[in-house]
Amino acid sequence: MTERPVLVYDGDCGFCTASVHFAERWIGVRARVTPWQSADLAALGTTPQRADREVLWVEHGRVYGGAQAAARLLIAAGAPWSALGFALRLPPLRWAAHGLYRLVAANRHRLPGGTPACALPAARR
């Protein structure tokens, strides 16, 4: 039996929490979903600093972050979402997705559901 993937997000960020709830409802997340604040990050192979900076997808001992974590979530969700997930793994869409993810992450406190607690310190962007 294969262990389920784990989706790790920032549970203190309203925008992140709302995004995960949206994905659970409309996409179908086939993973164990947990806020990083209550996850055993060392056992997952990551750090609080990384988990605070980007959403993580942990599968088969590998940690994918940011846009690639979102791509893995879409692939695991199955059709029709998997086609988009596979496309997001290929250049130039991969590069565009990375840039867009960084832009959203840096401004998540300004987006719907975001609060000042969602802001990333400038050094970690």
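First, a word on what this report is: a plain description of the structure on this page. (Residues numbered from 1 in each chain as written. Predicted model: local features only at pLDDT ≥ 70, side-chain atom pairs only at ≥ 80, totals over all residues. Heavy atoms only, no water.)

**As for the overall build of the chain**
- The number of helices and strands found in the chain is six helices and four strands.
- The secondary structure elements of the chain, listed N-terminal to C-terminal, are β-α-β-α-α-β-β-α-α-α.
- Taken against the 2.2 N^0.38 rule, which gives 14 Å for 125 residues, the C-alpha radius of gyration of the chain at 14 Å falls within 12% of a compact globule.
- Taken over the C-alpha atoms alone, the chain extends approximately 40 × 35 × 25 Å along its principal axes.
- Among the 125 residues that make up the chain, the fraction classed as buried is 40%.
- Summed over all atoms, the accessible surface of the chain reaches about 7200 Å², with 61% contributed by carbon and sulfur. (Helix = DSSP H or I, 4+ residues; strand = E, 2+ residues; numbered from the N terminus. Rg over C-alpha atoms; globule rule 2.2 N^0.38 Å. Buried < 20%, exposed > 50% of the residue type's maximum accessible area, 1.4 Å probe, protein only. Areas by Shrake-Rupley, 256 points an atom, 1.4 Å probe, with all protein chains shown as cover.)

**Looking at the nonpolar core**
- Judged by nonpolar contacts, the single largest core of 21 residues is most densely connected at L7, I27, V29, W57 and L73.
- Every element with two or more residues in this core is listed here: β1 (6-9), α1 (14-27) and α4 (67-77).
- Per-element accounting of this core gives the leading share, six residues, to α4.
- Beyond its immediate sequence surroundings of up to four residues, I27 is in contact with F22, L73, L74, A77 and W81. (Core = buried A, V, L, I, M, F, W, Y, C linked by side-chain atoms within 4.5 Å. Contact = heavy atoms within 4.5 Å.)

**With respect to the packing of aromatic side chains**
- Tallied over the full model, the rule gives zero aromatic pairs.
- For the cation-ring pair, R72 lies above Y64, with the distance from its terminal atom to the ring centre recorded as 4.0 Å. (Phe/Tyr/Trp six-rings, centres within 6.5 Å; stacked < 30°, edge-to-face > 60°. Lys NZ or Arg CZ within 6 Å of the ring centre and 35° of its normal.)

**Observations regarding the side chain of T46**
- Looking at where T46 falls in the secondary structure, it is placed in the loop between α2 (41-44) and α3 (48-53).
- Assessed through its relative accessible area of 9%, T46 is described here as buried.
- Ignoring any residue separated from it by four or fewer positions in sequence, one finds T46 in contact with L41, L56 and V63.

**Things to note about the pattern of salt bridges**
- Using the criterion set out here, one finds four salt bridges in the structure.
- Across the salt bridge formed by R50 and E54, the nearest N and O atoms sit 2.7 Å from each other.
- With a relative accessible area of 9%, E54 lands in the buried category.
- R102 is the partner of E54 in a salt bridge, and the nearest nitrogen-oxygen pair spans 2.9 Å. With E54 in the loop between α3 and β3 (56-59) and R102 in helix α6 (residues 93-106), this residue pair connects regions lying 48 residues apart in the sequence.
- Overall, R102 belongs to the partly exposed group, its relative accessible area being 22%.
- One continuous salt-bridge network, built from bridges that share partners, spans R50, R53, E54 and R102. (Salt bridge = Lys/Arg side-chain N within 4 Å of Asp/Glu carboxyl O.)

**Looking at the sheet that holds strand β2 (residues 32-35)**
- Spatial strand order, β2-β1-β3-β4: four strands in an open sheet with mixed pairing. Of all strands in the sheet, those bounded by a partner on one side alone are β2 and β4 (62-65). Within this sheet the neighbouring strands show an average axis-to-axis angle of 20°, counted without direction.
- Sheet topology note: the β3/β4 ladder contains four bridges and is antiparallel. When the bridges of β4 are listed, W57 appears paired with Y64.
- Across the sheet, α1 lies against β1 and β2, angled at about 150° from β1, the strand it touches most. (Pairing = 2+ DSSP bridges. Axes fitted to C-alpha atoms, helices over the stretch in contact; angles between N-to-C directions.)

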